Amino acid sequence: MASDISPKAEISPKAKIGDNCKIFPFVYIEDDVVIGDNCIIFPFVSILNGTRMGGHNKIHQGSVIAALPQDFEFRGEKTECIIGDNNIIRENVVINRATHTSGKTVIGNDNFLMEGTHISHDTVIGNQCVFGYGTKIAGDCEIGNGVIFSSSVIENAGTRVGEGSMVQAGTTFSKDVPPYIIAGGTPVAYGGVNTTMCRSYGISEKVLKHIANAYRLVFHGQTSVFDAVNQIKDQVPDSVEIQTIVSFIESTKKGIIAKL
């Protein structure tokens, strides 16, 4: 089915637009753009070079996709911003493309980016995440599946958030947030296991207790994080979730957030 494209939209003839898309007046789309089927692009959206967008996405007014990276290392290389399927991108969201050809900015599937969210260059986001009003995510960050940011969260450069975690409103953080937890406060700190998200994942009550025990060792023990990880391996029954926690902590480069 042919797409419904307003004659008042400015779209490069080189751009590739899928089937059954709805593109409203005053949309601006550059040359090196690919948009999948069944997308809705509302007025005053700019979709710039390097965009690779899947299907069934809704991009609301004033958003800019694949904006030039705000990075002093950017030298005009041809780079990409990859967006999956079924994402809702609300008003005035800005997503930067990567700084270098070797990198990519990636937004997965089924994410909800609320008004004023900014995703910087080379950040990689998983699936089924929610980013609240005014959230700002710096460059080179990694965010797992099922992560929730409340409003006005600031994630500083090069940090990671593990799957199933929630960051509370107004939080700024510069260290990694491990999987399955709630983080918040000033300074940011561990606030317990995110049991609601874990249960929605189908994680059993038994494994939830194991996760809580693992984080008790990490955040409330009297040892280093390194020793706490070894205690988890020795004392906590193994599962995919425990392996995920251990792997995340062992691979941190910035360190993890503190305990309350």
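Residues numbered from 1 in each chain as written. Predicted model: local features only at pLDDT ≥ 70, side-chain atom pairs only at ≥ 80, totals over all residues. Heavy atoms only, no water.

### Let's talk about the overall build of the protein
Secondary structure assignment for the protein yields 4 helices and 29 strands. In summary, the protein has a C-alpha radius of gyration of 20 Å against a globular reference of 18 Å for 260 residues, a match within 12%. When its C-alpha atoms are laid out on the principal axes, the protein stretches across 65 × 40 × 30 Å. For the protein, the proportion of its 260 residues judged to be buried stands at 49%. (Helix = DSSP H or I, 4+ residues; strand = E, 2+ residues; numbered from the N terminus. Rg over C-alpha atoms; globule rule 2.2 N^0.38 Å. Buried < 20%, exposed > 50% of the residue type's maximum accessible area, 1.4 Å probe, protein only.)

### Things to note about the packing of aromatic side chains
Inspection of every chain in the model, using the stated rule, returns 7 aromatic pairs. A ring pair is formed by Tyr 190 and Tyr 215, whose centres lie 5.7 Å apart and whose planes are at 40°; its orientation type is tilted. On the criterion of sequence distance, the pair formed by Tyr 190 in strand 28 (residues 189-193) and Tyr 215 in helix 2 (residues 205-220) is long-range, its members being 25 residues apart. Here the two residues Tyr 190 and Tyr 215 agree in accessibility, since each one is buried. In this structure Tyr 190 comes out as buried when scored by relative accessible area, which is 8%. One aromatic cluster in this structure is built from Phe 131, Phe 149 and Phe 173. Directly above the ring of Phe 24 sits Lys 22, whose terminal nitrogen or CZ lies 4.9 Å from the centroid. The ring of Phe 248 has Arg 160 lying over it, and the distance from NZ or CZ to the ring centre is 3.9 Å. (Phe/Tyr/Trp six-rings, centres within 6.5 Å; stacked < 30°, edge-to-face > 60°. Lys NZ or Arg CZ within 6 Å of the ring centre and 35° of its normal.)

### Some details on unusual backbone geometry
In this structure, Pro 187 follows Thr 186 across a cis peptide bond, with omega equal to 0°. Locating Pro 187 in the fold gives a position in the loop between strand 27 (181-184) and strand 28. A positive phi angle, near 60°, is found at His 56, a position not held by glycine. Residue placement: His 56 occurs in the loop between strand 9 (51-53) and strand 10 (58-59). The backbone of Ser 152 sits at a positive phi, close to 60°, despite the residue not being glycine. Looking at Ser 152, the relative accessible area reads 40%, which means it is partly exposed.

### Things to note about the nonpolar core
The nonpolar side chains of a soluble globular protein tend to be buried, and buried together. Grouped together as the largest cluster of nonpolar side chains are 64 residues, with contacts concentrated most on Ile 47, Ile 95, Ile 143, Phe 149, Ile 211 and Tyr 215. Per-element accounting of this core gives the leading share, 8 residues, to helix 2. Once residues lying within four places of it in the same chain are set aside, the contact partners of Phe 149 are Val 130, Phe 131, Gly 132, Thr 135, Ile 137, Ile 143, Glu 155, Val 161, Val 167 and Phe 173. (Core = buried A, V, L, I, M, F, W, Y, C linked by side-chain atoms within 4.5 Å. Contact = heavy atoms within 4.5 Å.)

### Here we look at the pairing of strand 15 (residues 104-107)
Only one face of strand 15 is covered, namely the face carrying Thr 105 and Ile 107; the face carrying Lys 104 and Val 106 is uncovered. Note: strand 12 (residues 80-83) against strand 15, 4 bridges, orientation parallel. Within the sheet, the bridge partner assigned to Ile 83 lies in strand 15 and is Ile 107. Inspection of the sheet shows strand 15 paired to strand 18 (residues 124-125) by 2 bridges, in the parallel sense. Each bridged residue has a counterpart across the sheet, and for Val 106 the counterpart in strand 18 is Val 124. (Pairing = 2+ DSSP bridges.)

### Here's the deal with helix 3 (residues 225-235)
Since the α-helix advances by 3.6 residues per turn, residues separated by three or four positions end up pointing in the same direction. The complete set of buried residues in helix 3 reads Ala 228, Val 229 and Ile 232. Down the axis of helix 3, the smallest arc covering the buried residues is 100°, so these residues share one side. Exposed side of helix 3, more than 90 degrees from the buried face: Phe 226, Asp 234 and Gln 235 are the residues found there. Tucked into the core, helix 3 has its buried residues touching helix 2 and helix 4 (240-250). (Arc of directions from axis to C-beta.)

Keep in mind these values describe shape, not function.
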